[in-house]
Amino acid sequence: MSRRPIIAGNWKMNMTRAQAEELITALKPLVKDAKAEVAICVPYTDIDVAVRLCAGSNIKVGAENVAWAEKGAFTGEISADMLLELGTEYVIIGHSERRQYFGETDASVNARLKTALAKGLKPIVCVGETLEERETDKTADVIKKQITGAFDGISADDAAKVVVAYEPVWAIGTGRTATSAQAQETIAGIRAEIAALYGAAIADGMRIQYGGSMNAKNVKELMAQPDIDGGLIGGASLKAADFSLVVNYDA
Ligand code: PEP
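Procedures and definitions
Residues numbered from 1 in each chain as written. Predicted model: local features only at pLDDT ≥ 70, side-chain atom pairs only at ≥ 80, totals over all residues. Heavy atoms only, no water. Axes fitted to C-alpha atoms, helices over the stretch in contact; angles between N-to-C directions. Helix = DSSP H or I, 4+ residues; strand = E, 2+ residues; numbered from the N terminus. Parallel < 35°, antiparallel > 145°, perpendicular 65-115°, else oblique. Left-handed = near helix turned anticlockwise from the far one by under 90°. Contact = heavy atoms within 4.5 Å. Nonpolar A, V, L, I, M, F, W, Y, C, P; charged D, E, K, R; others polar. Phe/Tyr/Trp six-rings, centres within 6.5 Å; stacked < 30°, edge-to-face > 60°. Buried < 20%, exposed > 50% of the residue type's maximum accessible area, 1.4 Å probe, protein only. Arc of directions from axis to C-beta. Near = heavy atom within 4 Å. Polar contact = N/O pair within 3.5 Å; in protein donor to acceptor, adjacent residues only side chain to side chain. Areas by Shrake-Rupley, 256 points an atom, 1.4 Å probe, with all protein chains shown as cover. Pairing = 2+ DSSP bridges. Salt bridge = Lys/Arg side-chain N within 4 Å of Asp/Glu carboxyl O.

## Some thoughts on the packing of helix α1 (residues 17-31) against helix α12 (residues 240-247)
Direction vectors running N to C along α1 and α12 enclose 30 degrees, while the axes themselves pass 9 Å from each other. Between α1 and α12, the interaxial angle falls into the category roughly parallel. You can see that α1 and α12 cross each other, and the crossing is right-handed. From α1, Leu23, Ala26, Leu27, Leu30 and Val31 reach across to α12, where they touch Ala240, Ala241, Phe243, Ser244 and Val247. Residues that form the contact of α1 with α12 fall into these classes: nine nonpolar, one polar and no charged.

See below:
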């Protein structure tokens, strides 16, 4: 099955509204002919600016998290309805920085994923092992636990709408990229896990990104791997020229 690659930026806690406007204005003409699907996941405060500027372009806008609850006493959280009202299409769930710094667990990732799917947001679910887990040969077990935890109670129809991002924690923001062989091996393992949960057809159709210091230099080799269907890009998404080189990896 052919899967359309998706290259998504993750701005993290970067970019004021003025900076967002500048970046998107510069980015639009640079990526307008991209073959891959293009998305930028931006801070909540930038979403309306991004949606306005990306309207009519090929750039989709996403958020970096979503509340599991519909509304109520959840200080600091942003609901799916709030995101949808602004025109948000994608949402990152379970990024390793959320797991590491904000206590996100497989259970909370699962709860957020269920809400995102119920509301019609398109989720990008992140999984990945720490350096210690890789060095002690626990990668496969950790990923299996994260995948089964994230997809617990999710129907096959809904699972088919999810993008998974494999992001080894030791490669995020470190300049240290997984080798294409390491990324391919782990992503093939994720696809096998999805096949075990939902069958071969859902697994073959699922887009699985690599994330972790992906940039203009390494994108071609990573994207040449049979199971890698795109990238989640942090640092290299913060400059229009850098991000466009990743997006246009096959130009
Ligand atoms: C990320 O934030 O998802 C990421 C992969 O960051 P970076 O590209 O900077 O490693």
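## Comments concerning the packing of aromatic side chains
Applying the stated criterion to the full structure yields three aromatic pairs. For the ring pair Tyr101 and Phe102, a centre distance of 6.4 Å and an interplane angle of 85 degrees mean the geometry is edge-to-face. Where Phe151 meets Tyr198, the ring centres are 5.9 Å apart and the plane angle is 70 degrees; that geometry is what we call edge-to-face. Here the residue Phe151 occupies a position in the loop between α7 (139-150) and α8 (156-159), and Tyr198 occupies one in helix α9 (residues 180-198), the gap between them amounting to 47 residues. Classification of Phe151 as buried rests on a relative accessible area of 3%.

## A few points about α12
Looking only at α12, the buried set comprises Ala240, Phe243, Ser244, Val246 and Val247. Projection of α12 onto a plane perpendicular to its axis shows the buried side chains occupying an angular sector of 160 degrees, all on one side. The inward-facing, buried residues of α12 abut β1 (6-10), α1, β2 (37-41), α11 (219-223) and β8 (230-233).

## Things to note about the site of the ligand
In the vicinity of the ligand, 14 residues are found, and the nearest of them are Lys12, Glu167, Gly173, Ser213 and Gly235. A distance of 2.9 Å separates an oxygen atom of the ligand from a polar atom in the side chain of His95. Interatomic distance of 2.7 Å between a backbone N/O atom of Ser213 and an oxygen atom of the ligand. Here the ligand loses 96% of its free accessible area of 290 Å² to cover by the protein chains.

## A short note on the sheet that holds strand β5 (residues 122-127)
What links the strands of a sheet is backbone hydrogen bonding, and the strands pair in either a parallel or an antiparallel sense. Here eight strands make up a closed barrel; going around it, the order is β1-β2-β3-β4-β5-β6-β7-β8 and the pairing parallel. Going from strand to strand, the sheet's axes swing by 25 degrees on average, the running direction of each strand aside. Sheet topology places β1 next to β2; five bridges connect them, and they run parallel. Bridging from a neighbouring strand, Asn10 pairs with Cys41 of β2. Contacts from helix α2 (residues 47-54) reach β2 and β3 (59-63) within the one sheet, and its direction differs from that of β3 by about 170 degrees. Its contacts with the sheet put α9 on β5, β6 (163-166) and β7 (208-211), and the angle it makes with β7 is roughly 145 degrees.

## Here's the deal with the pattern of salt bridges
By the definition in use, this model includes 21 salt bridges. Close ionic contact of Glu37 with Lys60 constitutes a salt bridge, the shortest N to O distance being 2.9 Å. With Glu37 in strand β2 and Lys60 in strand β3, this residue pair connects regions lying 23 residues apart in the sequence. Lys60 is paired through a salt bridge with Glu89; the nearest N and O atoms lie 4.0 Å apart. Of the two residues, Lys60 is situated in strand β3 and Glu89 in the loop between α3 (80-85) and β4 (90-93); the sequence distance between them amounts to 29 residues. Exposure remark for Lys60: the relative accessible area of 24% places this residue in the partly exposed category. Classification of Glu89 as partly exposed rests on a relative accessible area of 24%. Residues joined by salt bridges that share partners form a network here, namely Glu37, Lys60, Glu89, Lys122 and Arg207.

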